[in-house]
Protein chains: 2
Amino acid sequence: MTASSPWEWSAEEIKRVGYQVVDLVAEHLTQLPSEPVFQPFPDELRQQWLATPVPREGRPATEILEQFAREIEPYPFGNGHPRFAGWVNPPPVILSIFAESLAAAMNPSVAGGNHASVHLEQQVVNWLKEIAGFPLAAGGLLVSGGSLANLTGLAVARFAKAEPDVRQEGLQPSTAKLIVYVGEGGHSCLTKAVELLGIGRQNIRVIPDDAHFRLDLAALESAIQRDLEAGHRPMAVAASAGTVNMGAIDSFPEIADLCRRYDLWFHIDGAYGTPAILSDRYGPALASINLADSLALDPHKWLYVPVEAGLVLVKDAELMRAAFSLVPPYLAMDEAAQRVSGPRWFSEYGVQQTRGFRALKIWMALSYHGLKGYKAAIEKDITLAESLADQVRASSDFELLEPRSLSIVCFRYKPAGVGEGQLNALNQKLLLELQLSGRFFLSGTTIRGNFWLRACIVNPRMSQDDISPLLEILRDLGKRMTV
Amino acid sequence: MTASSPWEWSAEEIKRVGYQVVDLVAEHLTQLPSEPVFQPFPDELRQQWLATPVPREGRPATEILEQFAREIEPYPFGNGHPRFAGWVNPPPVILSIFAESLAAAMNPSVAGGNHASVHLEQQVVNWLKEIAGFPLAAGGLLVSGGSLANLTGLAVARFAKAEPDVRQEGLQPSTAKLIVYVGEGGHSCLTKAVELLGIGRQNIRVIPDDAHFRLDLAALESAIQRDLEAGHRPMAVAASAGTVNMGAIDSFPEIADLCRRYDLWFHIDGAYGTPAILSDRYGPALASINLADSLALDPHKWLYVPVEAGLVLVKDAELMRAAFSLVPPYLAMDEAAQRVSGPRWFSEYGVQQTRGFRALKIWMALSYHGLKGYKAAIEKDITLAESLADQVRASSDFELLEPRSLSIVCFRYKPAGVGEGQLNALNQKLLLELQLSGRFFLSGTTIRGNFWLRACIVNPRMSQDDISPLLEILRDLGKRMTV
């Protein structure tokens, strides 16, 4: 195929290449289940890629797509497969896959303006507020994912609690140290955010878990009191709605009460767990998520939207704006110009200036499945996790880590005759063998000194038939192993 | 169309919806030139959208696509149009539009691993290093855009220059204030980054421009000396390769020398201008961009890749890693596991954990056009800017702001009989009239107290035939206006 001009294709040419791409998408999605969940990328191909300099001459689109089909498509991350339960990375909503091309064809900058992508983002953010039970007046911004959502929420927290004005003067003049309280199960991106904000990792208090892997409330209050006595400034509690390892849901009403009493910002990392608010099982525990001052929620996790799609909500929209807004002269907006400039720019509420049209894929996903479709899919994930947990409980050669929560199951292989001292090495090796077998994909984690296999199920493609053979696969691999 | 299951479509169903999407893309791209560049989003539709709660029930894909075609597609940002020269937002490379669907179909997390998207990002980042003249051993990471690229570079700078260890202790214990030097023309995201890092805006020294709108070197050195005398810690110079307003290129060898002598980090915001290194005209001025310790370069600007696609390069890869790495237990990688875990994870080099497959659209764009195609397109943008500048120079009723640089032209309407005191209001109003006319799209900016119309040409769809009528359009609108 030769295009009429490399930069200006006719409708026919666009369709020819576009249909070829759609066929590749169809092939990839429908053939995945019969492929291994994962296979390592070939070393030779990697070397060949790294030895290839930037192309001097262009190549036809068809040739590039053929190379994609040959060298890229066969080596996915694994999360599109019915037997992937590695991390909180779902297979994508199919309509949202195509939304990405529509978004790229329009290619707006959603910094702001009076064009469709801006208003659609407002609608979508309102929809997500509605799901999380946040007021419509709250501030909200689509971001790349949990890392940026948590960073943004904590940046507003810092602005709200630091003295003097941290935007103007920075943190150096502040005499009292700002302290952030994070649960043991808090995501590492919370630590990264605290570091980036200049607060320092030493000023994170890691609060031990209670028996349910939740932030221990007594320990939290003691830590706050100790810091106050030491002359520090307790700044924020960063709680979790679905911890990374265990899916634990912290006790929001109690934490909110503590934050009120001690004047702390209440942030919740609900990047993974928030959508379970739609389920009958976890709805009640998550109903109080709206007590937070700020919340992270990733549509690219349990709303199954393709990456990247994160969201940060901040209850006080004006405070959010005050923490970030810096309207540069070439984007200045006055009243008369609002027919072009539109509502307040998104770039005033966060880190990014130019922003992509992330809203479209979320809008299409929510429109296509509706809350009803989401409720069913999320409840199915939870049911599969419960079913796996039941299997583990019923098996004398496996051990379940309890209490478990949401759609995460941590367990380990513990065959008769293997001593406690060898279990960590055994399970680490077993995990690797499983991943390399291509038969199923789990991740692993270390909790309280023990290594656990970790299933995280956010996968509408997975069925009971996929999960049922898992323990037998593990036994099969385990028996052939020597540690 | 009804899908066999909302989460599991057959190949036929995927193709039916996918082809419909491709047809929409083809229609959008080919019909844009005959539409207005921009038209305000209708107020009634906005109200209707905002009044629509999150859908309870799902809807068929076709119905959603029809709504897209009716309500979203007709109201673009404008940058896909041949007559858009508003901001540094290009029309997208067509093949890269479809790359977005392929990336979303595979939907990897490019945090790390031994799958295709990780290795393709390494290749693409190496290609971009090659273009910028950076060593292949440099650290590099695709990010959302210039805001995150500049933030990441300055975060490494802070880590390198702050004492004590800023990641551990934060900025509060440091006795000497960290100072960042930014040119008058520096992008506002540099200020935002300094604020977010906890350094504080008061500790930014805005260095005046020289006669060429570049960072004035004598003023820079004086400022550094004053800060040293005051006991501060000069941390970094953030120079520009293509300032926002004027496209000015700072004097890199001289700034690099100053940074060496005073032990400052040398960061360049080349988000916009870097790709002009491929042009004969600006290649020499940009050849020394590789003197920087860190560089921001946005493929979604002058490499015409759809948003979001930014890049940060840091010459010392180990320092970049040391500034960010925090490998959490559930992602721990040992030697034996590298067949699954792959090379060092990208998430160790920046802010994000889960990351999208941005590399694919950049890889396809560079593969399709090659450096040769890019050189031609970039030089054409520069030629169009020069041609507009020539037109302005030759017109007694327009004034050009000189010296101009790269593909930016700042000018204003200055008809006989209008006093200097009225020119700002006149040009502001004229800009708005132009934008609302749908006949051409410029932005505006205030420089040294005057308001200027600003053309920023990164637009392979634009031809001489598009730019030639611009002054006449402005005259036509101007004559009908009363200020």
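Above this text sits the structure in question.
Everything quoted here is computed from the prediction, not taken from an experiment.

Q: Which residues make up the overall build of chain A, and what are the values?
A: Tallying secondary structure elements over chain A gives 17 helices and 12 strands in all. The C-alpha atoms of chain A give a radius of gyration of 24 Å, which matches the 23 Å a tight globule of 483 residues would have. In terms of overall dimensions, chain A has C-alpha extents of about 70 × 60 × 45 Å along its principal axes. Scored against the burial criterion, the 483 residues of chain A give a buried share of 67%. Partitioning the intrachain contacts of chain A with sequence separation of at least 6 by distance along the chain shows that 73% fall at a separation of at least 24.

Q: Before we move on, could you go through helix α4 (residues 94-106) of chain B and cite the residues and values that matter?
A: In terms of burial, α4 of chain B is largely enclosed, as 13 of its 13 residues are buried. One or two steps after α4 of chain B, the chain reaches Asn 107 of chain B, where phi turns positive at roughly 50°.

Q: With reference to specific residues and values, describe the sheet that holds strand β1 (residues 84-85) of chain A.
A: All names here are of chain A. Across the sheet, five strands lie side by side as β1-β11-β12-β10-β9; this open sheet has mixed pairing. Each edge of the sheet is formed by a strand with only one pairing partner; in this case those strands are β1 and β9 (398-400). Pairing analysis gives four bridges linking strand β10 (residues 408-413) to strand β12 (residues 450-456), with the strands arranged antiparallel. Residue Phe 411 lies in a different strand from β12, and its bridge partner there is Leu 453. Against the sheet, helix α17 (residues 470-479) touches β9, β10, β11 (441-447) and β12, its axis set at about 30° to β10.

Q: Provide a residue-level description of the interface of chain B and chain A, including the pertinent values.
A: At the junction of the two partners, chain B supplies 158 residues and chain A supplies 159 residues. Carbon and sulfur atoms make up 64% of the area that chain B and chain A hide from each other, which totals about 14,600 Å². Counting across the interface, chain B meets chain A through 10 salt bridges. The salt bridge partner of Arg 167 of chain B is Glu 195 of chain A, with a shortest N-O separation of 2.5 Å.

Q: Can you break down unusual backbone geometry residue by residue, with the values?
A: Residue Pro 164 of chain A is reached from Glu 163 of chain A by a cis peptide bond, and omega for that bond is -10°. Residue Val 307 of chain A is joined to Glu 308 of chain A through a cis peptide bond whose omega torsion reads 0°. Examined against the element boundaries, Glu 308 of chain A turns out to sit in the loop between β7 (294-297) and β8 (310-314). With a phi angle near 50°, Arg 448 of chain A is a residue other than glycine that sits in the positive phi range. Position of Arg 448 of chain A among the secondary structure elements: in the loop between β11 and β12. With relative accessibility at 53%, the residue Arg 448 of chain A sits in the exposed group. Although it is not a glycine, Phe 213 of chain B sits at a positive phi angle of roughly 60°. Positionally, Phe 213 of chain B belongs in the loop between β4 (204-207) and α9 (217-229). According to the relative accessible area criterion, Phe 213 of chain B is buried, its value standing at 3%.

Q: For the environment of Tyr 374 of chain A, give the residues involved together with the corresponding values.
A: Looking at the secondary structure, you find Tyr 374 of chain A in helix α14 (residues 359-393). In the structure, Tyr 374 of chain A is positioned 58 residues away from Leu 432 of chain A in sequence and 32 Å away in space, judged by C-alpha atoms.

Q: Help me get a handle on the sheet that holds strand β5 (residues 233-240) of chain B, residues and values and all.
A: Two orientations exist for strands paired in a sheet by backbone hydrogen bonds: parallel and antiparallel. All names here are of chain B. Spatially, the seven strands line up as an open sheet ordered β2-β8-β7-β6-β5-β3-β4, and their pairing is mixed. Two strands in the sheet have a free side with no partner beyond their single neighbour: β2 (139-143) and β4. Adjacent strand axes in the sheet meet at a mean angle of 20°, parallel and antiparallel pairs treated alike. Across five bridges, the pairing between β2 and strand β8 (residues 310-314) is antiparallel. Among the inter-strand pairings, Leu 141 is bridged to a residue of β8, identified as Val 312. Against the sheet, α9 makes contact with β3 (178-183), β4 and β5, and its axis sits at roughly 165° relative to β3, the strand it touches most.

Q: Report on the relation of the copies chain B and chain A, specifying residues and quantitative values.
A: Rotating chain B by 180° and translating it 0.0 Å along the rotation axis places it on chain A, where the RMSD comes to 0.0 Å. The two molecules are tied by a two-fold rotation axis, judged by turn and shift. The residues that chain B uses at the interface reappear at the interface of chain A in 100% of cases, marking a shared surface.

Q: Before we move on, can you summarise the state of the cysteines with the specific residues and values?
A: As enumerated under the stated definition, the model contains zero disulfides over all chains in all. Its sulfur unpaired, Cys 259 of chain A is 18 Å from the next cysteine sulfur, which belongs to Cys 189 of chain A.

Q: Outline the side chain of Arg 454 of chain A, supporting the account with residue identities and numerical values.
A: All names here are of chain A. The residue Arg 454 is located in strand β12 in this model. Within the buried core, Arg 454 has no salt-bridge partner, and the shortest N-O distance to an opposite charge, that of Asp 269, equals 11 Å. One polar contact links the side chain of Arg 454 to the main-chain carbonyl oxygen of Val 244, over a distance of 2.7 Å.

Q: So what about the pattern of salt bridges? Which residues, and what values?
A: Tallied over the entire structure, the rule returns 66 salt bridges over all chains. Arg 461 of chain B is the partner of Glu 8 of chain A in a salt bridge, and the nearest nitrogen-oxygen pair spans 2.5 Å. One end of the pair, Glu 8 of chain A, is in the segment before α1 (11-31); the other, Arg 461 of chain B, is in the loop between β12 (450-456) and α16 (464-467), on a second chain. For Glu 8 of chain A, a relative accessible area of 28% translates into the label partly exposed. Notably, a salt bridge pairs Glu 379 of chain B with Lys 375 of chain B, separated by 3.3 Å at the nearest N-O pair. Taken together, the residues Glu 379 of chain B and Lys 375 of chain B, both in helix α14 (residues 359-393) and four residues apart, mark about one turn of the helix. Through salt bridges that share partners, Glu 221, Asp 257, Arg 260 and Arg 261 of chain A make up one connected network.

Q: Got a sec to walk through the side chain of Arg 358 of chain B? Specific residues and values, please.
A: Structurally, the position occupied by Arg 358 of chain B is in the loop between α13 (338-341) and α14. One polar contact links the side chain of Arg 358 of chain B to the main-chain carbonyl oxygen of Glu 308 of chain B, over a distance of 3.3 Å. Residues within four places of Arg 358 of chain B in sequence aside, it is in contact with Glu 308 of chain A together with Leu 142, Val 143, Ser 144, Glu 308, Ala 309 and Gln 352 of chain B.

Q: So what about the packing of aromatic side chains? Which residues, and what values?
A: Tallying each qualifying case throughout the model produces 35 aromatic pairs over all chains. Taking the centre distance of 5.2 Å and the plane angle of 75° together, the rings of Phe 41 of chain A and Tyr 75 of chain A count as edge-to-face. Remark: Tyr 75 of chain A occurs in the loop between α3 (61-72) and β1 and Phe 41 of chain A occurs in the loop between α1 and α2 (43-50); sequence separation between them is 34 residues. Owing to a relative accessible area of 3%, Phe 41 of chain A belongs among the buried residues under this scheme. Residue Tyr 75 of chain A is classed as buried on the basis of its relative accessible area, which comes to 15%. Sitting over the ring of Tyr 282 of chain A, Arg 281 of chain A keeps its end group 4.4 Å from the ring centre. Its end group placed over the ring of Trp 452 of chain B, Arg 412 of chain B keeps NZ or CZ at 4.9 Å from the ring centre.

Rules used in this analysis
- Residues numbered from 1 in each chain as written.
- Chains lettered and ligands numbered in written order.
- Predicted model: local features only at pLDDT ≥ 70, side-chain atom pairs only at ≥ 80, totals over all residues.
- Heavy atoms only, no water.
- Helix = DSSP H or I, 4+ residues; strand = E, 2+ residues; numbered from the N terminus.
- Rg over C-alpha atoms; globule rule 2.2 N^0.38 Å.
- Buried < 20%, exposed > 50% of the residue type's maximum accessible area, 1.4 Å probe, protein only.
- Contact = heavy atoms within 4.5 Å.
- Pairing = 2+ DSSP bridges.
- Axes fitted to C-alpha atoms, helices over the stretch in contact; angles between N-to-C directions.
- Buried area = accessible area lost by both parts, 1.4 Å probe.
- Salt bridge = Lys/Arg side-chain N within 4 Å of Asp/Glu carboxyl O.
- Least-squares fit on C-alpha atoms with pLDDT ≥ 70 in both.
- Disulfide = S-S within 2.5 Å.
- Lys, Arg positive; Asp, Glu negative; His and termini not counted.
- Polar contact = N/O pair within 3.5 Å; in protein donor to acceptor, adjacent residues only side chain to side chain.
- Phe/Tyr/Trp six-rings, centres within 6.5 Å; stacked < 30°, edge-to-face > 60°.
- Lys NZ or Arg CZ within 6 Å of the ring centre and 35° of its normal.

That is the geometry; function is a separate question.
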